[in-house]
Amino acid sequence: MTIARKLQDYIDGEGIAYDTVPHHRTATTSQTAQAAHVPGNSLAKSVVVHHEMGYVLAVVPSTHRIELSTLQEVMNRRLGLASEEEVSELFADCDTGAVPPIGSAYDVPVILDESLGNANDVYFEGGDHKTLVHVSGSNFRSLMKDAQVARFSHLA
């Protein structure tokens, strides 16, 4: 697999320039950053959370941890981590744990941690554990135009 079909169709449809960065299979985003030789604070990590009305994709740099209590306050909702089964249903064309942060491609709302807001380049999972998608910071912000932006993470 390279880039998940829904993701690729969405990015192409938005007219966003991107390239891919292949790397050996990894289990964590910090390993991915090392394997792909990219800065961890430029690698967007996606975490699917659920609430009583549905799901939201929380996106933070791979060097950060989500503060669930802060995220709950920001969203004014009780949140929990989505199960692997729930994530697999939402992101059916992606490998488990390789969820791209572009929720619009999957009709999943996104909340973006403000610490990713000023990055010059952003990398993110393309749907498998061997391919990163690389876009300019301005193109990433364009892809995230519908995302809510807040601070809800801290350095891991």
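Relevant structure appears above.
Residues numbered from 1 in each chain as written. Predicted model: local features only at pLDDT ≥ 70, side-chain atom pairs only at ≥ 80, totals over all residues. Heavy atoms only, no water.

**Some details on the overall build of the chain**
Then step 1. Each helix and strand in the chain was counted, giving 5 helices and 10 strands.
Then step 2. For 156 residues, the compact-globule estimate of 2.2 N^0.38 gives 15 Å, and the C-alpha radius of gyration of the chain, at 14 Å, lies within 12% of that figure.
Then step 3. In terms of overall dimensions, the chain has a C-alpha envelope of 35 × 30 × 30 Å along the principal axes.
Then step 4. Taking all 156 residues of the chain together, the buried fraction comes to 49%.
Then step 5. Here the contacts in the chain between residues at least 6 apart in sequence split such that 70% fall between residues at least 24 apart.
Then step 6. Of the roughly 7,700 Å² of accessible surface on the chain, 46% is carried by carbon and sulfur atoms.
Then step 7. Here the chain holds 11 positive side-chain charges and 20 negative ones, and the gap between their average locations is 3 Å. (Helix = DSSP H or I, 4+ residues; strand = E, 2+ residues; numbered from the N terminus. Rg over C-alpha atoms; globule rule 2.2 N^0.38 Å. Buried < 20%, exposed > 50% of the residue type's maximum accessible area, 1.4 Å probe, protein only. Contact = heavy atoms within 4.5 Å. Areas by Shrake-Rupley, 256 points an atom, 1.4 Å probe, with all protein chains shown as cover. Lys, Arg positive; Asp, Glu negative; His and termini not counted. Charge placed at Lys NZ, Arg CZ, Asp CG, Glu CD.)

**Structural notes on the pattern of salt bridges**
Where side chains of opposite charge bring their charged atoms close, a pairing between them can arise.
Then step 1. Under the definition given, this model contains 5 salt bridges.
Then step 2. Between Glu52 and Arg77 there is a salt bridge whose closest N-O contact spans 3.2 Å. Of the two residues, Glu52 is situated in the loop between β2 (43–51) and β3 (54–61) and Arg77 in the loop between α3 (68–75) and β5 (80–81); the sequence distance between them amounts to 25 residues.
Then step 3. When its relative accessible area of 55% is taken as the criterion, Glu52 is described as exposed.
Then step 4. Judged by relative accessible area, Arg77 falls into the partly exposed class, the value being 30%.
Then step 5. Residue Arg151 pairs with Asp113 through a salt bridge whose shortest N-O separation is 3.8 Å. Here Asp113 lies in strand β6 (residues 110–113) and Arg151 lies in the loop between β9 (148–150) and β10 (153–155), a separation of 38 residues in the sequence.
Then step 6. Salt bridges sharing partners connect three or more residues here, namely Asp113, Glu114 and Arg151. (Salt bridge = Lys/Arg side-chain N within 4 Å of Asp/Glu carboxyl O.)

**Re the packing of aromatic side chains**
Then step 1. Applying the stated criterion across every chain, the model contains 2 aromatic pairs.
Then step 2. Between Phe91 and Tyr106, the ring centres sit 4.6 Å apart and the planes meet at 50°, which makes this aromatic pair tilted. Taken together, the residues span a long stretch of sequence, with Phe91 in the loop between α4 (84–90) and β6 and Tyr106 in the loop between α4 and β6 at a distance of 15 residues.
Then step 3. On the basis of an interplanar angle of 40° and a centroid distance of 6.2 Å, the ring pair of Phe124 and Phe140 is categorised as tilted. One end of the pair, Phe124, is in strand β7 (residues 121–125); the other, Phe140, is in helix α5 (residues 137–143), and 16 residues separate them in sequence. (Phe/Tyr/Trp six-rings, centres within 6.5 Å; stacked < 30°, edge-to-face > 60°.)

**Details of the environment of Leu71**
Then step 1. In this structure, Leu71 sits in helix α3.
Then step 2. With 73 residues separating them in the primary sequence, Leu71 and Met144 have C-alpha atoms 18 Å apart.
Then step 3. Filtering out sequence-adjacent residues up to four positions away, Leu71 remains in contact with Ala58, Ile66, Leu79, Ile111 and Phe152.

**Section: unusual backbone geometry**
With the exception of glycine, most residues fall at negative phi, and the peptide bonds are largely trans.
Then step 1. Phi angles above zero are rare outside glycine, and Asn76 is one such case at about 55°.
Then step 2. With relative accessibility at 69%, the residue Asn76 sits in the exposed group.

**Focus: the pairing of β2**
Then step 1. In this sheet, β7 lies alongside β2 in parallel orientation, the contact comprising 2 bridges. When the sheet's bridge partners are listed, Ala44 is paired in β7 with Phe124.
Then step 2. Note: β2 against β3, 8 bridges, orientation antiparallel. Residue Lys45 lies in a different strand from β3, and its bridge partner there is Val60.
Then step 3. Linking β2 back to β3 in an antiparallel pair, the connection comprises 2 residues.
Then step 4. Alignment of β2 against β5, held across 2 bridges, turns out to be antiparallel. Within the sheet, the bridge partner assigned to Val49 lies in β5 and is Leu81. (Pairing = 2+ DSSP bridges.)

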